[in-house]
Amino acid sequence: MEGFFVLSAICCVLSAVSCTPIAANEPTCPRGFTGYLEYPYNCYKFLQCDRGRTFVMNCGPGTAFNPSINVCDWPQNVPTCYADGEGIIDIR
């Protein structure tokens, strides 16, 4: 676990997103994959994958993960999300 906390601290300090450890029922990255993936049914989150290891990340306040450009973006630019006046809703 020590390596996870070091990586989490680095990614949290260097980015505008927060890092959280994954729970047993969380989605996981494909084996060996490095990159970013959508988090199922939640526009506010995404998966950061490092050689198959999974890190669940949260976008910064007021943003949603845009899978076409692999960054957190304004919600109106993310086709799978929309604002209903109360917040962002994932429509997948």
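From a predicted model like this one, the values you see are computed outputs, not experimental measurements.

*Asks:* I'm lost on the pattern of salt bridges in this one. Help?
*Replies:* Where charged atoms from two side chains of opposite charge approach closely, those side chains can pair. One pass over the structure, following the stated rule, counts two salt bridges. Linking R51 and D50 is a salt bridge whose minimum nitrogen-to-oxygen distance equals 3.3 Å.

*Asks:* Got a minute to help me understand the environment of P27 in this structure?
*Replies:* Among the secondary structure elements, P27 is positioned in the loop between β1 (18-20) and β2 (35-38). For the pair P27 and V56, spaced 29 residues apart in sequence, the C-alpha to C-alpha distance is 8.6 Å. Ignoring anything within four residues of it in the chain, the contact list for P27 reads Y39, P40, L47 and T54.

*Asks:* What exactly am I supposed to notice about unusual backbone geometry here?
*Replies:* Backbone phi values are negative for most residues with the exception of glycine, while trans is the configuration of most peptide bonds. Of note in this structure, Y41 is not a glycine but carries a positive phi near 65°. Position of Y41 relative to the elements: it lies in the loop between β2 and β3 (45-50). In this structure Y41 comes out as exposed when scored by relative accessible area, which is 65%. Positioned with a positive phi, R51 is a non-glycine residue whose angle comes to about 50°. Mapped onto the elements of the fold, R51 is located in the loop between β3 and β4 (53-58).

*Asks:* Explanation requested: the state of the cysteines in the structure shown.
*Replies:* One covalent bond between the sulfur atoms of two cysteine residues makes up a disulfide. For the structure shown, the criterion picks out three disulfides. For C29, the disulfide goes to C49, at an S-S distance of 1.9 Å. Taking the sign of the S-S torsion, about -80° here, the bridge from C29 to C49 comes out left-handed. Taken together, the positions of C29 in the loop between β1 and β2 and C49 in strand β3 put the pair 20 residues apart, joining distant regions of the chain. For C49, a relative accessible area of 3% puts it in the buried group.

*Asks:* What am I meant to see in the pairing of β3 here?
*Replies:* Remember that side chains alternate between the two faces of the sheet whenever the strand is regular. By the criterion of burial, β3 is predominantly enclosed, with five of the six residues buried. Pairing of β2 with β3 involves four bridges; the strand directions are antiparallel. Each bridged residue has a counterpart across the sheet, and for L37 the counterpart in β3 is L47. Summarising the sheet, β3 and β4 pair through six bridges and their orientation is antiparallel. Paired with F46 across the bridge in β4 is M57.

Here is what the cut-offs are and how they apply
Residues numbered from 1 in each chain as written. Predicted model: local features only at pLDDT ≥ 70, side-chain atom pairs only at ≥ 80, totals over all residues. Heavy atoms only, no water. Salt bridge = Lys/Arg side-chain N within 4 Å of Asp/Glu carboxyl O. Helix = DSSP H or I, 4+ residues; strand = E, 2+ residues; numbered from the N terminus. Contact = heavy atoms within 4.5 Å. Buried < 20%, exposed > 50% of the residue type's maximum accessible area, 1.4 Å probe, protein only. Disulfide = S-S within 2.5 Å. Pairing = 2+ DSSP bridges.

Taken by themselves, the reported measurements are silent on function.
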